[in-house]
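Listed below, chain by chain, are the residues.
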Amino acid sequence: MDFTVKDLKRGESGLVQKVNGQGAIRRRLFDMGITPGATITMRKAAPLGDPVEITVRGYQLSIRKSEANSVVVAKNEV
Amino acid sequence: MSTLRFALAGNPNSGKTTLFNELTKSTAHVGNWPGVTIDRREGTFKDGNIEAEIIDLPGIYSLSPYTPEEVIARNYIVEENPDVIINIVDVTNLERNLYLTTQLLEMDCPMVVALNMCDQLEKHNDFIDRIGLEKALGVPVVRISALQSHGIDKLMKKAVLAAAVNRKSSSVLRNTVLEKPIEEIEMRLLEQGAKHPLHKAIKIIEGDAHVQADDNLRKLKDDLIADVDDIEALIADLRYKHITKHYSPFLRKSLKPGELTTSEKVDKIITNKYLGIPIFVVIMYLIFHLTFGENLFFIEGLPSPGVLLQSGAELLIENIGDLTTDFLIATGASEWTYSLLVNGIIGGVGAVLSFVPQIILVFFFLSVLEDSGYIARAAFIMDRLLKRFGLSGRSFMPLLMGFGCSVPSILATRTLDSERDRRLTMILIPYMSCGAKMPIYALFATALFKQHSDIAVFGMYMLGIAVAVVSGVILKNTVFKDSKTPFIMELPDYHRPRARNLLLHVWEKLKGYIIKAGTIILVSTVFIWLLANFNFKLQMVEQNSIDSILGTIGNVIKHFFTPLGFVGKADGWKPVMAILTGFIAKEAVVSTLGVLYAGGAAGDALLQTIASNFTSASALSFMAFNLLSVPCMAAVSALFAEMKSAKWAWFSVAFWVASAWVASFLVYTFAGLF
């Protein structure tokens, strides 16, 4: 199992390795700046657990866990 | 000299709408893009010698082929050849905004970059090297603040200068591994005489099916990039790498990495795990309370601004009706003229116009939430709940407003970003029991359920929600099965809303309602009046009697209602008639019942006849049918205007009738067991 954005805990960050999936959703993730080499920081989950809020390229983005699960990251060690 | 045409392009939340309003003042007019139902806004900029037509392209993040907005934007530039592209860039979110810029630069079109929100920059003690960025991008860069109208004149002057010069396209993908493939395909396209060859070459390489290319070209492309296994990822990656390496350094931030911005600090509270939902509930309740509350802050007899203004509007319409009556009596007008004008047109159109104050309030609050950035947080908080029945968090607000009135709620679906979500939400809104249905429940609950009347009324509200959930699940898995919208949503920085912007928003939406709904309603009002006052021989009969066309129709179609239990008796056409008149306004159901059962009497007399003509089960079934079936004329005309597709609007109407029938049948059968 790959380590994905979904597995990041609050406040942790990681470097994007690749984005799984296909078609429009994957392209949208690229367009929003989630490309290999980008740093993603997990901010929080919504009060009901889904979606999650992340910081990427200096802005806040909200994605569902299902989409977060398709973004493979290498966790940054603090 | 012909008028210049400037196309405004940029990300959502980049301040594009504000800049557009600022440039065009009050000249903007809204239409649709050919073939799709996305707003097309155009207006004129006029200042001294400069006159230009401004075309507001849809807010987009990219020029990918996946969303209609993106396809529209690039088709416009490719096919309509604007004189200049004005690319608005939110300087506080530079990297992601410049991603679109790198794609726009690939078009053979003069371009000016407007760096927006420069006032925010100063506030944070950040600095942007405008000249450096201008050199790196190769197009003029202007600092502006659309909110404070700074830099607008300069922007337009630069744009006019840019329009005079032909600009050659450029791409950040040159000097990368893709240089050779792009050049080869661009050469071929040039030989074929294609416009915007660089843009098209890159799109062909991306595998974009929207760009026309012959088989030879596609084959050449496949050969050229045979060793690349993921071309879309590579191109997006190259663009962002170029931005971070060559453009981002021009922005110097005073904030240390890891330090929180004001927006992030606010968000710590507003979307907090424990506080997020309570704050959301309080905000929603306040909006609802201020717009629809009968007793403001629970003070008996003190109406909320919405209710106060609405009763004011009703009073005004009543006075117009009275004045007209006096005038008609004085001039000795015929009975049917009186009936048409006062009962028909003033009554019907007036009922619709009396919603205007509440529409204004709903839109005012919605615009505040939208401008401040909270609406995205509300969607973030509620998404989980609505995901189950095929919607996203953004639909929550319009659905909730539905408990007040369906009309502004249907108009509020414009804040949703996909056509599919808009349509599904509009179909579900009328199931949220609106304020006008309350008198129906009140009548039946008091007549038949006595001390349990509150439970009966509450049950109706719950029934509406239950039917909405079930319908959502059904529609999600059938009609809307193919389209799935992801929830990838930016949470923009918080801003203080501006009064001028709010007023513009409200006015724009209200204008649409009054014009579109007003015309349809006038026609249908006259039509229904005809049906209720004339028989098939076109002789005038007593209003709403069995002899009228509507009464005759009611008497025939009552068989359709037989399984629902409330048309069993000989005068079974009466409840049917009440349902039909409910189409004008739901309050009319009660007054029609009053006329037909008790000769216009209200109070105890009406309660008694209702109690003797209905059973508990048939009363529940009748209430359920009125709740779930086609909403009032005002809501239906709003639906026709907003669906922008007669097919979908009729589908909604059919769906409502069907769901109401099935649910009422189940209610009647189930209640009959006790």
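Every residue gets a number counted from 1 within its own chain, in the order that chain's sequence is written. Going through the entries in the order they are written, you letter the chains from A and number the ligands from 1. pLDDT decides what is reported in this predicted model: residues at 70 or higher carry local features, side-chain atom pairs at 80 or more are listed and counted, and totals for whole chains, interfaces and linings draw on all residues regardless. Remark: hydrogens and water are excluded; side-chain values derive from all non-hydrogen atoms of the structure.

A.B. asks: Which residues make up the overall build of chain B, and what values go with them?
C.D. replies: The secondary structure content of chain B amounts to 29 helices and ten strands. Each of the three principal axes of chain B carries a C-alpha extent, and together these read 85 × 55 × 55 Å. The buried label applies to any residue whose accessible area, calculated with a 1.4 Å probe on protein chains only, is under 20% of its type's maximum; exposed applies above 50%, and partly exposed to all values in between. Across the 674 residues of chain B, 55% fall into the buried class. Of the contacts formed within chain B by residues at least 6 apart in sequence, a portion of 70% connects residues at least 24 apart. To be clear on the numbers: accessible area is Shrake-Rupley with a 1.4 Å probe, and residue cover counts the displayed protein chains and nothing else. Counting every atom, chain B has about 29,700 Å² of accessible surface; 62% of that belongs to carbon and sulfur. A residue counts as positive if it is Lys or Arg and as negative if it is Asp or Glu; His and the chain ends are not included. Lys charges are placed at NZ, Arg charges at CZ, Asp charges at CG and Glu charges at CD. On chain B, the mean spot of the 62 positive side-chain charges and the mean spot of the 65 negative ones are 3 Å from each other. Secondary structure elements follow DSSP: runs of H or I no shorter than four residues count as helices, runs of E no shorter than two count as strands, and numbering proceeds from the N terminus. Whether two residues are in contact is decided by their heavy atoms, any of which lying within 4.5 Å being enough.

A.B. asks: Explain the packing of aromatic side chains residue by residue, including any values.
C.D. replies: Only Phe, Tyr and Trp rings are paired, with Trp represented by its six-membered ring, and only when their centres lie within 6.5 Å; those with planes under 30 degrees apart are stacked, over 60 edge-to-face, the remainder tilted. Per the counting criterion, the structure on display carries 18 aromatic pairs over all chains. For the pair Trp-648 of chain B and Phe-651 of chain B, a centre-to-centre distance of 5.6 Å together with 80° between the ring planes defines the contact as edge-to-face. With Trp-648 of chain B and Phe-651 of chain B both in helix α29 (residues 646–671), this residue pair falls three residues apart, about one helical turn. Judged by relative accessible area, Phe-651 of chain B falls into the partly exposed class, the value being 27%. The rule is short: NZ of Lys or CZ of Arg within 6 Å of the ring centre and within 35 degrees of the ring normal puts a charge over the ring. Positioned over the ring face of Tyr-59 of chain A is Arg-96 of chain B, at 4.4 Å from the centre of the ring. A cation over an aromatic ring shows up here: Arg-377 of chain B above the ring of Tyr-494 of chain B, its NZ or CZ 4.1 Å from the ring centre.

A.B. asks: Give me the lowdown on the sheet that holds strand β1 (residues 13–19) of chain A, citing residues and values where you can.
C.D. replies: In a beta sheet, neighbouring strands pair by backbone hydrogen bonds and run either parallel or antiparallel. One bridge is not enough; two strands pair if DSSP finds at least two bridges between them. Strand order across the open sheet formed by six strands is β5(A)-β1(A)-β2(A)-β3(A)-β4(A)-β10(B), with antiparallel pairing between neighbours. At either margin of the open sheet sits one strand with a lone partner, and together these are β5 (71–75) of chain A together with β10 (488–491) of chain B. Here the strands of the sheet are splayed against their neighbours by 40° on average, with no regard to which way each runs. Every axis in this analysis is a line fitted to C-alpha atoms, fitted for helices over the stretch in contact. Angles between the N-to-C directions lie between 0 and 180 degrees. Together, β2 (39–45), β3 (52–56) and β4 (59–63) of chain A together with β10 of chain B form the strand contacts of helix α16 (residues 374–387) of chain B, whose direction differs from that of β10 of chain B by roughly 135°.

A.B. asks: Would you mind going over a nonpolar patch on the surface in detail, with residue names and values included?
C.D. replies: Put simply, a patch holds well-exposed residues, over 30% relative accessible area, that have no salt bridge, with like charges counted together within 9 Å and Val, Leu, Ile, Met, Phe, Trp or Tyr side chains within 5 Å. A pair is scored as a salt bridge if a Lys or Arg side-chain nitrogen falls within 4 Å of a carboxyl oxygen belonging to Asp or Glu. Taken together, the side chains of Val-282, Leu-286, Phe-297, Ile-299 and Leu-302 of chain B define a hydrophobic patch exposed on the protein surface, amounting to about 440 Å² of accessible area. Structurally, Leu-302 of chain B can be placed in the loop between α12 (276–292) and α13 (305–331).

A.B. asks: So what's going on with empty space enclosed by the protein? Residues and values would help.
C.D. replies: Residues and elements named next belong to chain B. The rule is simple: put a 1 Å grid over the protein atoms alone, call a set of points where a 1.4 Å probe fits but cannot get out a cavity, call an open set with protein on both sides within 12 Å along at least five of seven lines a pocket, and count a residue as lining if it has an atom within 4 Å of a point. Grid points are joined across faces, edges and corners, and a volume is the space filled by probe spheres set on the points. For the coordinates displayed, the defined rule picks out two cavities of 30 Å³ or more. The space that makes up the largest cavity amounts to roughly 70 Å³. Lining the largest cavity are ten residues, with Ile-375, Ala-379, Gly-393, Arg-394 and Met-397 sitting closest to its centre. Secondary-structure elements contributing two or more residues to the lining of the largest cavity are α16 and α17 (396–401). In terms of residue count, α16 provides more of the lining of the largest cavity than any other element does, three residues in total. Looking at the lining of the largest cavity residue by residue, the classes come out as seven nonpolar, two polar and one charged. For this classification, the nonpolar set comprises Ala, Val, Leu, Ile, Met, Phe, Trp, Tyr, Cys and Pro, the charged set comprises Asp, Glu, Lys and Arg, and every other residue, Gly included, is treated as polar.

A.B. asks: Explain the side chain of Thr-581 of chain B to me, using residue names and the numbers behind them.
C.D. replies: Residue and element names in this part refer to chain B. Within the secondary structure, Thr-581 is located in helix α24 (residues 573–581). By the criterion applied in these results, polar contacts are pairs of N or O atoms within 3.5 Å in which, for protein atoms, one can donate a hydrogen and the other can accept it, and in which residues neighboring in sequence qualify only through two side-chain atoms. At a separation of 2.9 Å, a polar atom in the side chain of Thr-581 contacts the main-chain carbonyl oxygen of Ala-578. Discounting chain neighbours no more than four positions away, the residues touching Thr-581 are Asn-544, Leu-550, Ala-588 and Thr-592.

A.B. asks: How would you explain the pattern of salt bridges if you had to name every residue and give the values?
C.D. replies: It is possible for side chains of opposite charge to pair when their charged atoms get near one another. Scanning all chains against the criterion turns up 30 salt bridges over all chains. For Glu-53 of chain A, the salt bridge goes to Lys-44 of chain A, with nearest N and O atoms at 3.9 Å. Overall, the relative accessible area of 8% leaves Lys-44 of chain A in the buried class. For Arg-40 of chain B, the salt bridge is made with Glu-42 of chain B, and the minimal N-O distance between the two is 2.7 Å. By relative accessible area, Glu-42 of chain B is classed as buried at 13%. Through salt bridges with shared partners, a single network forms among Arg-27 and Asp-31 of chain A together with Lys-203, Glu-206 and Glu-232 of chain B.

A.B. asks: Break down the interface of chain A and chain B for me, with residues and values.
C.D. replies: The interface of chain A with chain B comprises 32 residues on the first partner and 47 residues on the second. Of the roughly 3,500 Å² buried between chain A and chain B on both sides combined, carbon and sulfur atoms contribute 56%. The salt bridge involving Asp-383 of chain B is made with Arg-64 of chain A; its shortest N-O contact spans 2.7 Å. Viewed at the interface, chain B and chain A are joined by 15 residue pairs in polar contact (both at pLDDT 80 or more). If you list the elements that add at least two residues to the side of chain A that touches chain B, you get α1 (23–31), β2, β3 and β4 of chain A. The leading source of residues in the side of chain A that touches chain B is α1 of chain A, at nine residues. Simply put, the buried area is the total loss of 1.4 Å probe accessible area from both parts when two parts are fitted together.

A.B. asks: So what's going on with the pairing of strand β6 (residues 111–116) of chain B? Which residues, and what values?
C.D. replies: All names here are of chain B. Taking burial as the measure, the six residues of β6 include six buried ones, the bulk of the element. Covered by surrounding structure in β6 are Met-111, Val-113 and Leu-115 together with Val-112, Ala-114 and Asn-116, the residues of both alternating faces. Where strand β5 (residues 84–90) meets β6, six bridges bridge the pair, whose relative direction is parallel. Counted as the bridge partner of Asn-87 is Val-113 from β6. Where β6 lies against strand β8 (residues 141–143), three bridges are found, and the strand directions are parallel. In the strand pairing of β8, Val-113 is matched with Val-141.

In short, the description is geometric, and any link to function would need to be established separately.
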